[in-house]
Amino acid sequence: MRTIRIFPSILNANFEKLPEEILKVSETADFIHLDVMDNVFVPNFTFDFERSVEIIDSSALPIDVHLMVVNADHFGPQYARTNAQSVTVHYEACQDVHKTISAIKDLGKRVGLAVKPGTPIDVVQPYLSDLDMVLVMTVEPGFGGQKFMSEMMPKVRTAREWLNDAGLSDTWLQLDGGISLETIEVGATAGADTFVAGSAVYKSDNPAAMVSELRRKAEQCLS
């Protein structure tokens, strides 16, 4: 049976009190999802490298870095040299996907490959055996609080079939964007096992309890 993982995104947390915000979910979440945006690859800016390192080093939970930046071939390995546990780059931002994936792995970190909604999932298939995680975006990257794109579920089902057929049971299949108590069931049914939840967690009255409830909802969908 698949293991469900919940990764709260701090995109909707209080940036001035991030260690405390992370502590709120430290007993129930698996990782913290760190969205790094450069206002070039996506129309928003979050953290530069120095601020990212501060967040990574002060976090009570392991960090999953999601790089939404240009020149991912450079920044992927740069972030892999930090204390982050996982680094995901976008297919669309890499000049040499295989080289960048290999560089991250060679630095001892989990490596993920993300695709935007307009990118076919087929581009991921050649790299599956080298990946620790596939990330299917369920919103256009750039801002939190967007509506979940259920039309991305065929991508998820295809990726799950590939992973199952290849025996890659240790490769995580992550969804990011619009995850809520309702949409997490849709994603889990389609085959995802790792969920990034920002607004649902940090705009709730009890972030820790929300993480637990999201996990419960997803686990109900596993066969």
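Definitions and cut-offs
Residues numbered from 1 in each chain as written. Predicted model: local features only at pLDDT ≥ 70, side-chain atom pairs only at ≥ 80, totals over all residues. Heavy atoms only, no water. Helix = DSSP H or I, 4+ residues; strand = E, 2+ residues; numbered from the N terminus. Expected span 1.5 Å × (residues − 1). Buried < 20%, exposed > 50% of the residue type's maximum accessible area, 1.4 Å probe, protein only. Contact = heavy atoms within 4.5 Å. Core = buried A, V, L, I, M, F, W, Y, C linked by side-chain atoms within 4.5 Å. Pairing = 2+ DSSP bridges. Right-handed = clockwise from strand over helix to strand, strands pointing away. Axes fitted to C-alpha atoms, helices over the stretch in contact; angles between N-to-C directions. Parallel < 35°, antiparallel > 145°, perpendicular 65-115°, else oblique. Left-handed = near helix turned anticlockwise from the far one by under 90°. Nonpolar A, V, L, I, M, F, W, Y, C, P; charged D, E, K, R; others polar.

Participant: How do you make sense of helix H5 (residues 153-165) when you look at a structure like this?
Facilitator: Think of an α-helix as turning once every 3.6 residues; residues three or four places apart then point the same way. An ideal rise of 1.5 Å per residue puts 18 Å on 13 residues; H5 measures up with 18 Å between its terminal C-alpha atoms. Looking only at H5, the buried set comprises Met-153, Lys-155, Val-156, Ala-159, Arg-160, Trp-162 and Leu-163. Each element contacted by the buried residues of H5 is listed here: strand E5 (110-115), strand E6 (133-137), strand E7 (172-176) and helix H6 (183-190). The first or second residue beyond H5 is Gly-167, which carries a positive phi of 70°.

Participant: Quick question: what am I supposed to make of the nonpolar core here?
Facilitator: Ile-10, Leu-34, Val-65, Val-124, Leu-175 and Phe-195 are the most contacted members of the largest nonpolar core, which has 71 residues in total. Per element, the largest residue contribution to this core is five residues, and it comes from H5. Filtering out sequence-adjacent residues up to four positions away, Phe-195 remains in contact with Ile-4, Arg-5, Ile-6, Phe-7, Leu-175, Ile-179, Ile-184, Gly-187, Ala-188 and Ala-218.

Participant: How do you make sense of the pairing of strand E4 (residues 86-90) when you look at a structure like this?
Facilitator: Every other side chain in a regular strand lies on the same face of the sheet, so the side chains alternate between the two faces. E4 sits mainly inside the fold: five of its five residues count as buried. The alternating pattern of E4 places Ser-86, Thr-88 and His-90 on one face and Val-87 and Val-89 on the opposite face, and all of these are buried. The pairing of strand E3 (residues 63-68) with E4 spans three bridges and is classified as parallel. By the bridge assignment, Asp-64 is partnered in E4 with Ser-86. Sheet analysis places E4 next to E5, joined by five bridges and oriented parallel. Residue pairing for E5: Ser-86 is matched across the bridge by Arg-110. As a crossover connection, the stretch from E4 through helix H4 (residues 97-106) into E5 is right-handed.

Participant: Please clarify how the packing of H6 against helix H8 (residues 207-219) should be interpreted in this entry.
Facilitator: Packed helix pairs are characterised by how far apart their axes lie and by the angle those axes make with each other. At their nearest, the axes of H6 and H8 sit 8 Å apart, and the two run at 40° to each other. When the axis of H6 is compared with that of H8, the two are oblique. For the crossing formed where H6 meets H8, the hand is right-handed. Residue-level inspection shows Ile-184, Glu-185 and Ala-188 of H6 in contact with H8, the latter providing Leu-214, Lys-217 and Ala-218. Class assignment for the residues of the contact of H6 with H8 results in four nonpolar, no polar and two charged.

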